[in-house]
Amino acid sequence: MMLSMSNEEPEYWRRNLWVCMLGSFTTLVAMTLLLPFLPLYVAELGVSEPASIARWSGIAYGATFFTAALTAPLWGRLADRYGRKLMLIRASLGMAVAMSLIGMASAPWQLVTLRLLAGLLGGYASGSTILIAAQTPKAHTGWALGMLSSGIMAGNVVGPLIGGLLPPLIGIRATFWLAGGVIFLAFLATCFLLKEAPRTPGQRRVTAAPMLNLRNGILPLMLLTGMLLIFANMSVEPIVTLYVAQFVQQPQRITLAAGVVMSAAALGSILSAAWLGRLADRIGHWKVLTGGLFAAALLLIPQAFITSAWQLVALRFFMGLARGGLLPCIASLIRHHVAGEQVGRALGWSTSAQYVGQVCGPLFGGFVGGWLGMRSVFLATCVIMAAGAFFNLLHMRQAGKKT
């Protein structure tokens, strides 16, 4: 009997990983596919003035991330209390319903409300991170979270591409309905293929567990580092198109070059996430995290002094390689240093911190770029990332731990 259980265990957590990768990929494709046609949909809902279209588009896009950031700690706490699989079922079904309803909106305020609802009910990717971090054997945590991270980043890259292809073929509303149907398939896979270990009575009584320490120890450092990673990635987003335009002769190729630059970092991260996760399992997650932060900081310096667009593409790709496994390392460190019954809550706070970086990064880049010039954005971000790397290195040495 013991032999049978040991033989089944690897298939058990690996199957969960593949289901979570598929579910995270499909939900993020659905969340990001509206980017290319969001202004067109707002116009279709009756908004005619260009300024109003831009305003409603920005509000609708940010609405999902706003509610997702607010509710991530709550869903993490409920996952610890009632089960991680249940939270994934809730997220996939909620997203399927929300996406289908978005395709039925008849006014811009309805679009914003439904985008708020999508953020409130969603969270499949963050829920998957909690489940994989909690149930994967510790020796394989970095690799598993790296694989999951690759699926998440692939969804963010593929979503806008699909959003640019489907609406001309089937229409905008049908695109939302199709996305809802694909997420419903992820819901079915989560229900019937995902397996969670039975929860003991002690695991259910998490209300008696001590509060998370958000002031001292490793958790606040990991929250800050996760926010910093997303902040550094997003800080250059507002200026990429304008920056690339200085080095592209043909005006019609500017947006294409900017898109390639933005995709290069994501491609690098997709390729390196699993490998860096496996390396972290072998030599220590903190070492890989600190080394990746320093490497990314150094790669920001030449980006401020490029003389052609292809140089920026190459540098962003290498920066993506350096950064690919760092969020999985953060999740692994949280998992290793937080009590098992508190993993969901801790990773929920980590997700919220990353959303803060997603909001603050573009604001920082736009402000610094407008005040000091676009090259200064790369150098300022380099200083911030280097400071984060140094702080992690100092903390790692003080802790005296490999993980």
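Here the structure is a predicted model, which is why all the values come from computation and not from measurement.

Participant: Looking at this structure, how should I read the overall build of the protein chain?
Facilitator: Helices and strands together make up the secondary structure of the protein chain, namely 17 helices and zero strands. The C-alpha radius of gyration computed for the protein chain amounts to 21 Å, which stays within 12% of the reference 22 Å derived for 403 residues, consistent with globular compactness. The principal-axis extent of the C-alpha atoms belonging to the protein chain is close to 65 × 50 × 35 Å. Going through the 403 residues of the protein chain one by one, you find that 53% of them count as buried. For the protein chain, the share of sequence-separated contacts (at least 6 apart) that also reach a separation of at least 24 residues comes to 85%. Roughly 18000 Å² of accessible area belongs to the protein chain as shown, and the carbon and sulfur atoms make up 70% of that amount.

Participant: How should the packing of helix H7 (residues 141-170) against helix H15 (residues 326-337) be read in this particular structure?
Facilitator: The geometry of a pair of packed helices is captured by two quantities: the angle between their axes and the separation between those axes. Close contact between H7 and H15 brings their axes to 9 Å; oriented N to C, the two are set at 140°. Taken together, the axes of H7 and H15 are oblique relative to one another. The hand of the H7/H15 crossing is right-handed. Of the residues in H15, those touching H7 at Thr-141, Gly-142, Leu-145, Gly-146 and Ser-149 are Pro-328, Ala-331, Ser-332, Arg-335 and His-336. Of the residues contributing to the contact of H7 with H15, the split by class is three nonpolar, six polar and one charged.

Participant: Whenever I open this one, the packing of aromatic side chains confuses me. Can you help?
Facilitator: Two descriptors summarise a pair of aromatic rings, namely the distance from one centre to the other and the angle between the planes of the rings. Following the criterion strictly, the structure yields eight aromatic pairs and no others. Members of the aromatic cluster, connected to one another through ring pairs, are Tyr-243, Phe-247 and Phe-378. Above the ring of Trp-75, the side-chain terminus of Arg-90 is found at 3.6 Å from the ring centroid.

Participant: Hey, could you run me through helix H10 (residues 218-234) in this one?
Facilitator: Over its 17 residues, H10 runs 24 Å from end to end, which matches the ideal 24 Å to within 8%, given 1.5 Å per residue. Here H10 lies mainly inside the structure; 14 of its 17 residues are buried.

Participant: Would you explain the environment of Leu-242 in this entry?
Facilitator: Tracing the backbone through its elements, the reader meets Leu-242 in helix H11 (residues 240-245). Taking relative accessible area as the criterion, Leu-242 reaches 56% and is therefore assigned exposed. For Leu-242 and Met-374, which are 132 residues apart along the polypeptide, the C-alpha to C-alpha distance reads 8.5 Å.

Participant: Looking at this structure, I do not really get the pattern of salt bridges. What am I missing?
Facilitator: Should their charged atoms come close, side chains of opposite charge can pair. Inspection of the entire model under this criterion finds one salt bridge. For Glu-44, the salt bridge identified is with Arg-173, shortest N-O distance 3.5 Å. Residue Glu-44 is located in helix H2 (residues 38-44), and its partner Arg-173 is located in helix H8 (residues 172-193); the two are separated by 129 residues in the primary sequence. Glu-44 sits in the partly exposed class, given a relative accessible area of 43%.

Participant: Explain a nonpolar patch on the surface to me, please; I cannot follow it from the model alone.
Facilitator: Judged by side-chain polarity, Leu-93, Val-97, Leu-101, Met-104, Trp-177, Phe-184, Leu-185, Leu-188, Phe-192 and Leu-193 come together as a nonpolar surface patch covering roughly 950 Å² of accessible area. If you list the elements that add at least two residues to the nonpolar patch, you get helix H4 (84-102) and H8. The element contributing the most residues to the nonpolar patch is H8, with six residues. Of the residues examined, Leu-193 reaches a relative accessible area of 44% and is grouped as partly exposed.

Participant: Help me understand helix H5 (residues 108-121), please; the structure alone is not making it clear to me.
Facilitator: Helical geometry note: an α-helix holds 3.6 residues per turn, so side chains three or four residues apart project in the same direction. A rise of 1.5 Å per residue sets the reference length of H5, with its 14 residues, at 20 Å; its end C-alpha atoms lie 20 Å apart and thus fit the reference within 8%. Just past H5, the residue Gly-123 takes up positive phi, approximately 95°.

Participant: What is the right way to read the environment of Gly-180 from this model?
Facilitator: If you trace the backbone, Gly-180 turns up in helix H8. In this structure, the C-alpha to C-alpha distance between Gly-180 and Thr-27, residues 153 residues apart in sequence, is 8.9 Å. Residues in contact with Gly-180, not counting those within four places in the same chain, are Ala-96, Met-99 and Ser-100.

Participant: Got a minute to help me understand the packing of H10 against H15 in this structure?
Facilitator: Where H10 contacts H15, the two axes come as close as 10 Å, and the packing angle between them is 170°. The angle between H10 and H15 places the two elements in the roughly antiparallel class. Relative to H15, H10 is oriented so that their crossing is left-handed. Note on element contacts: H15 touches H10 through Leu-326, Leu-327, Ile-330, Leu-333, Ile-334 and His-337, opposite Ile-218, Leu-219, Met-222, Thr-225, Gly-226, Leu-229 and Ile-230. Of the residues in the contact of H10 with H15, the class split is 10 nonpolar, three polar and no charged.

Participant: I would appreciate a short explanation of the nonpolar core in the present structure.
Facilitator: Judged by nonpolar contacts, the single largest core of 80 residues is most densely connected at Met-222, Leu-289 and Met-385. Of all hydrophobic cores here, the second largest spans 28 residues; its members include Ala-30, Val-42, Ala-105 and Ala-179.

Cut-offs and rules
Residues numbered from 1 in each chain as written. Predicted model: local features only at pLDDT ≥ 70, side-chain atom pairs only at ≥ 80, totals over all residues. Heavy atoms only, no water. Helix = DSSP H or I, 4+ residues; strand = E, 2+ residues; numbered from the N terminus. Rg over C-alpha atoms; globule rule 2.2 N^0.38 Å. Buried < 20%, exposed > 50% of the residue type's maximum accessible area, 1.4 Å probe, protein only. Contact = heavy atoms within 4.5 Å. Areas by Shrake-Rupley, 256 points an atom, 1.4 Å probe, with all protein chains shown as cover. Axes fitted to C-alpha atoms, helices over the stretch in contact; angles between N-to-C directions. Parallel < 35°, antiparallel > 145°, perpendicular 65-115°, else oblique. Left-handed = near helix turned anticlockwise from the far one by under 90°. Nonpolar A, V, L, I, M, F, W, Y, C, P; charged D, E, K, R; others polar. Phe/Tyr/Trp six-rings, centres within 6.5 Å; stacked < 30°, edge-to-face > 60°. Lys NZ or Arg CZ within 6 Å of the ring centre and 35° of its normal. Expected span 1.5 Å × (residues − 1). Salt bridge = Lys/Arg side-chain N within 4 Å of Asp/Glu carboxyl O. Patch = residues over 30% accessible without salt bridge, like charges linked within 9 Å, V, L, I, M, F, W, Y side chains within 5 Å. Core = buried A, V, L, I, M, F, W, Y, C linked by side-chain atoms within 4.5 Å.

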